[in-house]
Amino acid sequence: MKAFADLYWQLDGTTSITEKVAALRDYFRSAPAADAACALAVLAGGRQSRAVPLPLLRREAAAAAAIPLWLLEECYAQTGDLAETLALVLPPADEIAVPAAAALVPADLGLAAHVERLRDLRNEKDEEAIGAFLRATWRVLAPRERIVWHKLLTGGCRVGVSRTLVARALAEVAGIEPAAMMTRLVGRGDEGAEAFSRLISPVASAADDLRPYPFFLAAALDVPAAGLGAVGDWQAEWKWDGIRAQVVVRSAGVALWTRGEDLATEAFPPFATLQRRSGRKRVTKGLLAEVPCVFVAYDLVEEGGDDLRALPLGERRARLERLLGGAGATDAPFLPEGDEAVATGRLFLSPLLAAPDWAGRAAARALARDRGVEGLILKRRASPYGSGRTRGDGWKWKIEPLEIDAVLLYAQAGHGRRAGLHTDYTLGVWEGEELVTVAKAYSGLSDAEIVEVDRIVRATTRQRHGPVRIVEPSLVFQIAFEGVAPSQRHKAKLALRFPRIVRWRRDKGIADAGRLDDLRRLCRTAAPTEAVP
Amino acid sequence: MHDLVEVTDAGLYCAAGDFHVDPWRRVPRAVITHAHADHARPGCDRYLCSADGRLVLRTRLGPGGVIDCLRPGESLSINGVRVSLVPAGHVLGSAQVRIEHRGVVWVITGDYKTAPDPTCAPFQPAECDVLVTESTFGLPIYRWPDAATIGAEIDAWWRANQVEGKASVLFAYALGKAQRLAALVDPSIGPIVAHGAVTKLVRAYRDSGVRLPPIDGVPPGARKVGHGRVLVIAPPSAAGSRWLRLFGPVSTAAASGWMQLRGVRRRRGFDRGFVLSDHADFPGLVAAVEASRAKRVLVTHGSTEAFARFLRERGLDASVLPTRFFGETPPGETAQPEDDADGTGDSIADNAGADGAGTRAAAEPADDAAGALP
């Protein structure tokens, strides 16, 4: 545990990429394989679950620290991090009393063994036994190890390190190219010591048979499209509103991976998933009927065991059309949201836009919102299938967001770096003489503005409901959003999609804010079906 | 019946003796707990401070005003009120003010710490009926590691920076923390260099008889200092300044009690944060309150509400001392980079918000100018 905690704090304590990679490399080289496998899963941000109910954990910590529970809550309000709060209030290890009956914890227990213990703890229902477990563990952990352990305990262990850096470090350990390591890492959870040893072996393993390739991500287009060069060099497709996925069909079987690198094969017979369905292990028949799925194919990265990623897109597309044409797939049509007629599990080909010039493509893009798509994707026909977010060969040419001015109504304190500052805003617009909430937004303000807004929030608080403050309406923010959908969550009966703050409109008073009617007009229940241009 | 000490527009005031303690504005007679800018303001006619704090206070105040002194154990009668000063262990010359009148004893702690510090006299508990205590770090998340442990961490950081050819820049409050750090580190590692704001107080410390390792100033007109081996001690206001460029590549760190919190460490944006405070931690505060045997406790600065409630639940008559500062300030604000890296300066901002920050900003530029050479 100490080695992993050291790694955690090394990564936390530096912004230097070289230092982060060095820390990771040194850890992976020296840690026992079982611990390393476990650490890798944590670093990859894999799903973790809570091993103990939070109220019980708080009570036990307050009791061990001999402080009242309310004081623990005060501390939590100051740090904004429960794992840290608990670690800091607890007395030094040797002052923690462990019940005589409790099983002792070895002082040098490794990460994997700790995680294993936490897994077992999930089945423990006896509060006294859980309390004894906690105390026995606190007894052997230094404060900096406790924070990391608490994060594992509460299922919120996140480390600020990207997949690319982890791959670089592991590639150094294995003595292979970072790109090759990236491929080996895709979709990997904690697969144990043996799998980790294979991972850092210089030779690729057959056990990785159903792993997908790293996804190639398009960057947002920030120059005029016409500036990209000859229109013929660029393939244009609709940017559908869905979940990116990769289907792997090999002799070992079939697997469907989402862009978050979750294995979603089970969630979608035969494969795709949609928003409401992802994240669920089992999909009921009812859900299948309610939220039908289609799979739209864009690209072919492997065929007959050959990695096609280095081929130009034009050629990959031709192979894709041959393959799917043979399977009877047709171009994906525009479909109204919630249309019962959508054929579950149908496989479509992503249609190409035929428009012969940039003006024609711009015109098509302007229609995207009506069609229920997010805009266009532009890909260079001569480009290979890249890895990660490499700029230059793929662009998202999204439609301009919609905007409205909204008034700050509620504010809530943030966590982590923004702990103690009110950074989560609930915003509203006018409905008659009343302001009604329509969106929650987090980002878009500078650090200085956040501090200033925080001060105003504190000074103009009308009422407090736990962490939420209802403020005197005075601040107006320009917010951007992607669309308006009907919703039962807000009083306004509609909700904005992806709302975010563009800027603080200091020049506007609350009377200048937008009206709910403006949003109602934008609220679309179904997209018109039209032919593809 | 009036209390022996009350809060007025000018700060804590003893009407029976007609004097103020750490007044916020100019008054005829000021009893000073210590020389930090938020406690000792220039412009009063007479000051009373501890004998070992005299030179430091004079350095801070500049010329003007008469400074009277008391040694430990001595007392002075001011208009029939008996005043004595008890070491507070915060910085050199820091004292608790003991006020006795008609058999009632008040003690005003000022800022204090209970942990040992070789650069000042150790904190001594003072028994009283009413205790006015600070509570800058009045939450149980604040429990300080041993100073020697922190000293070893700083030494290790300094050595590692030398290997990389970087100067080690340590931001700390110019009065107290800077000298304590100089005394804490291992001077055999390399030369110690200090900002002008620090060196003039180093002089006052040495002249007061405190032993410190050699600390160099930066000569006017210097172009390059230290060649990556030095430890630089500077006030936080020097962060990002041109003055720092003299040292070439640097690693930066802050030494403060606030560094206990990960969020603060990250927000400050220094490479390292060392947990070293000149204020008492939570166990220290509780121990000091207990040792005073006071039945009534008034709490000021920092986590006042929580600390007072905690004491009430332990059976004491504890409440928040109302001050001129209103509103609440979260750690997010006390932790802004323009604040002191030390809890000292922050403690006023805790209660003051923008007001406190302004007060300190007005008090500190003299320091910055002195150090901003060439």
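Residues numbered from 1 in each chain as written. Chains lettered and ligands numbered in written order. Predicted model: local features only at pLDDT ≥ 70, side-chain atom pairs only at ≥ 80, totals over all residues.

Where do I start with the overall build of chain B in this structure?
In terms of helices and strands, chain B carries 11 helices and 19 strands. For chain B, buried positions account for 55% of its 374 residues. The contacts in chain B between residues at least 6 apart in sequence include a share of 62% that link residues at least 24 apart. (Helix = DSSP H or I, 4+ residues; strand = E, 2+ residues; numbered from the N terminus. Buried ≥ 20, exposed ≤ 12 C-beta atoms within 10 Å, placed from the backbone. Contact = placed C-beta atoms within 7 Å.)

Just to check I follow, could you spell out the overall build of chain A for this structure?
Check the secondary structure of chain A and you find 18 helices and 20 strands. Counting the 533 residues in chain A, one finds 33% classified as buried. When contacts within chain A are restricted to residue pairs at least 6 apart in sequence, long-range pairs at least 24 apart make up 68% of them.

Would you mind going over the packing of helix α1 (residues 2-13) of chain A against helix α2 (residues 17-30) of chain A with me for this structure?
Axis angle and axis distance: for two packed helices, these are the angle between their axes and the distance between the axes, and together they describe the pair. Residues and elements named next belong to chain A. Relative to each other, α1 and α2 sit at 170°, their axes nearing to 9 Å. Taken together, the axes of α1 and α2 are roughly antiparallel relative to one another. In this structure, α1 uses Ala3, Leu7, Gln10 and Leu11 to contact α2, whose residues at the interface are Lys20, Ala23 and Tyr27. Grouping the amino acids of the contact of α1 with α2 by side-chain chemistry returns five nonpolar, one polar and one charged. (Axes fitted to C-alpha atoms, helices over the stretch in contact; angles between N-to-C directions. Parallel < 35°, antiparallel > 145°, perpendicular 65-115°, else oblique. Nonpolar A, V, L, I, M, F, W, Y, C, P; charged D, E, K, R; others polar.)

Any chance you could explain helix α10 (residues 163-174) of chain A here in plain terms?
Quick reminder: α-helices carry 3.6 residues per turn. Residues three or four places apart thus point the same way. All names here are of chain A. With 12 residues, α10 extends 16 Å from end C-alpha to end C-alpha; this agrees with the ideal 16 Å at 1.5 Å per step. Looking only at α10, the buried set comprises Leu165, Val166, Ala167, Arg168, Ala169, Leu170, Ala171 and Val173. Just past α10, the residue Gly175 takes up positive phi, approximately 75°. (Expected span 1.5 Å × (residues − 1).)

Got a minute to help me understand the environment of A:Glu482 in this structure?
All names here are of chain A. For Glu482, the position within the fold is in the loop between β17 (476-481) and β18 (483-486). Overall, Glu482 belongs to the partly exposed group, with 18 C-beta atoms counted inside 10 Å. It is 8.1 Å that separates the C-alpha atoms of Glu482 and Glu374, two residues lying 108 residues apart in sequence. The contacts of Glu482, once residues within four sequence positions are left out, are Glu374, Pro401, Arg497 and Phe498.

Even after reading the chapter, I still don't get unusual backbone geometry, so can you show me in this structure?
Across the chain, the bulk of peptide bonds are trans and the bulk of non-glycine residues have phi less than zero. Residues and elements named next belong to chain A. Here Ala66, not a glycine, exhibits a phi torsion of approximately 55°, which is positive. Tracing the backbone through its elements, the reader meets Ala66 in the loop between α4 (54-65) and α5 (69-79). Residues other than glycine seldom take positive phi values, yet Phe498 does so here, at roughly 45°. Turning to its location among the elements, Phe498 is positioned in the loop between β19 (494-497) and β20 (500-504).

Any chance you could explain the nonpolar core here in plain terms?
Generally speaking, nonpolar side chains in soluble globular proteins are found buried as a group. Residues A:Ala39, A:Val89, A:Leu170, B:Leu170, B:Ala178, B:Val232 and B:Ile233 are the most contacted members of the largest nonpolar core, which totals 172 residues. The dominant element in this core, judged by the number of residues it contributes, is helix α3 (residues 33-43) of chain A, at nine residues. Beyond its immediate stretch of four places on either side in the chain, A:Ala39 contacts A:Phe4, A:Tyr27, A:Ala31 and A:Leu111. Listed in part, the 30 residues of the second largest apolar core include A:Tyr410, A:Val429, A:Phe477 and A:Ile479. (Core = buried A, V, L, I, M, F, W, Y, C linked by C-beta atoms within 7 Å.)

Before we go on, may I ask you to explain the sheet that holds strand β16 (residues 250-255) of chain B in this structure?
With respect to topology, six strands assemble into an open sheet ordered β14-β13-β15-β12-β16-β17 (chain B), the strand pairing being parallel. Two strands lie at the open edges of the sheet, namely β14 (215-216) and β17 (272-274) of chain B, each paired on one side alone. (Pairing = 2+ DSSP bridges.)

Just checking my understanding: could you explain the sheet that holds strand β8 (residues 81-87) of chain B for this structure?
Across a sheet, paired strands are connected by hydrogen bonds in the backbone, their directions being either parallel or antiparallel. All names here are of chain B. Spatial strand order, β7-β8-β9-β10-β11-β18-β19: seven strands in an open sheet with mixed pairing. Looking at strand neighbours, the two that pair on one side only are β7 (75-78) and β19 (317-320), the edges of this open sheet. Recorded for the sheet is a direction-independent mean angle of 20° between the axes of neighbouring strands. Strand direction decides the pairing type here: β8 and strand β9 (residues 95-101), joined by six bridges, are antiparallel. Bridging from a neighbouring strand, Arg82 pairs with Glu100 of β9.

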